[in-house]
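Analysis of the macromolecular model
One-letter residues, chain by chain:
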Amino acid sequence: MYLTRMRPEQIRAAVKDGLPLIMAAGVVEYHGPHLPIGTDVMLADYICTEVEKQCPCVVAPPISFGPTLSWAGGPQDGEIDFDPAPFYAYVKELLKRFRMIGFKRIYIVQHHQGMEGLQALSLRRAAAELTREETLEWGHSWGWKAMEELPNPLVFETIQVGGIDKYVAYPPDNAGPMPIGHAGKGETQMIQHIDPLTVHMEALGSIAREQLPEWLLDAAEADPAVGKYWLDLCVDGWVRTIKQ
Ligand SMILES: [Zn+2]
């Protein structure tokens, strides 16, 4: 189910049934001349929409902008390096409102610069501060009680942020880690699988090979079948986690 397409009684039923909320977070950033600038948010949102096909959950619209540090490109490329202060305030407010609706489990599939990047840190800080605000009402020393005696036994797990590959179970014959790499083979082959019309491999030739940054050097090796293989493992991992 998609949050924005649900009517109020469906929202109330989803909350009553304890359905989790899942939301993508990514950025709009230069990804070479051959990939769309929304590559990161497209990948994260693909995971959410595939998870929704396999387990009951509510999918919120993706967060499409965040701090990029203008590392790979600039405004002339369409890149949006969102100021981290208002970004943090926005996501904290958004997560607070999801909790007010009544969602007890909120999963954010984040794809950009890893868990130490500013976007992931902002989301994780917002989650941690909301946990603190919730527990302020419980007085002090509540850690002495058994978790099930607390008003929200899942308080530490209510909002979880993870990368697309966080729960990948690597098969015995392929120990990983899966190739991701900014705009290189990993991301290119995944976008080739999920939205091939947005990819223009010939454009890589518009930059002389000796001018290419290191992260674009293996992009030409991308194979959409391999991209699908890794995406399926990402989705399997998230489905397994959310169904628990
Ligand atoms: Zn990327």
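Presented here is a report on the structure given in the accompanying data block. (Residues numbered from 1 in each chain as written. Predicted model: local features only at pLDDT ≥ 70, side-chain atom pairs only at ≥ 80, totals over all residues. Heavy atoms only, no water.)

Turning our eyes to something else, we now look at the sheet that holds strand 3 (residues 106-110). Strand order in the open sheet formed by 4 strands is 2-1-3-4, and the pairing between neighbours is parallel. The sheet is open, and its two edges are formed by strand 2 (58-63) and strand 4 (159-162), each paired on a single side. Across this sheet, the average inter-strand angle for adjacent strands is 20 degrees, counted without regard to direction. As paired elements, strand 1 (residues 21-25) and strand 2 share 4 bridges and run parallel to each other. When the sheet's bridge partners are listed, alanine 25 is paired in strand 2 with isoleucine 63. (Pairing = 2+ DSSP bridges. Helix = DSSP H or I, 4+ residues; strand = E, 2+ residues; numbered from the N terminus. Axes fitted to C-alpha atoms, helices over the stretch in contact; angles between N-to-C directions.)

Turning our eyes to something else, we now look at the coordination of the zinc ion. Taken together, His31 (NE2), Asp40 (OD), Glu187 (OE) and Glu187 (OE) make up the protein donors of the zinc ion, found 1.9 to 2.5 Å from the metal. Considering all 4 donor atoms around the zinc ion, angles at the metal cover 55 to 133 degrees and the coordination shape is irregular. Mapped onto the polypeptide sequence, the residues donating to the zinc ion form the spacing pattern H-x8-D-x146-E. With respect to class, histidine 31 is no different from aspartate 40; both count as buried. (Donors = N, O, S within 2.8 Å, 3.2 Å for Na, K, Ca; no water. Tetrahedral: all angles 85-135°; square planar, octahedral: opposite > 155°, others 65-115°. Buried < 20%, exposed > 50% of the residue type's maximum accessible area, 1.4 Å probe, protein only.)

A few words on the nonpolar core. Within the largest apolar cluster, 32 residues are counted, with the highest numbers of intra-cluster contacts made by Ile22, Ile47, Val51, Val109, Trp238 and Ile242. Counting only elements with at least two residues in this core, the list comes to strand 1, helix 2 (39-54), strand 3, helix 5 (185-194) and helix 6 (224-243). Take this core: its biggest share by element is 8 residues, from helix 6. Setting aside residues no more than four positions away along its own chain, valine 51 makes contact with Ile22, Cys57, Val235, Trp238, Val239 and Ile242. Counting 25 residues, the second largest nonpolar core, distinct from the first, contains Leu21, Leu95, Phe98 and Ala127. (Core = buried A, V, L, I, M, F, W, Y, C linked by side-chain atoms within 4.5 Å. Contact = heavy atoms within 4.5 Å.)

Glancing now at the pattern of salt bridges. Summed over all chains, the structure comprises 10 salt bridges. For lysine 92, the salt bridge is made with glutamate 133, and the minimal N-O distance between the two is 2.6 Å. Residue lysine 92 is found in helix 3 (residues 84-101), and its partner glutamate 133 is found in helix 4 (residues 118-136); the two are separated by 41 residues along the sequence. Taking the relative accessible area as the measure of exposure, lysine 92 reaches 17% and is therefore buried. (Salt bridge = Lys/Arg side-chain N within 4 Å of Asp/Glu carboxyl O.)

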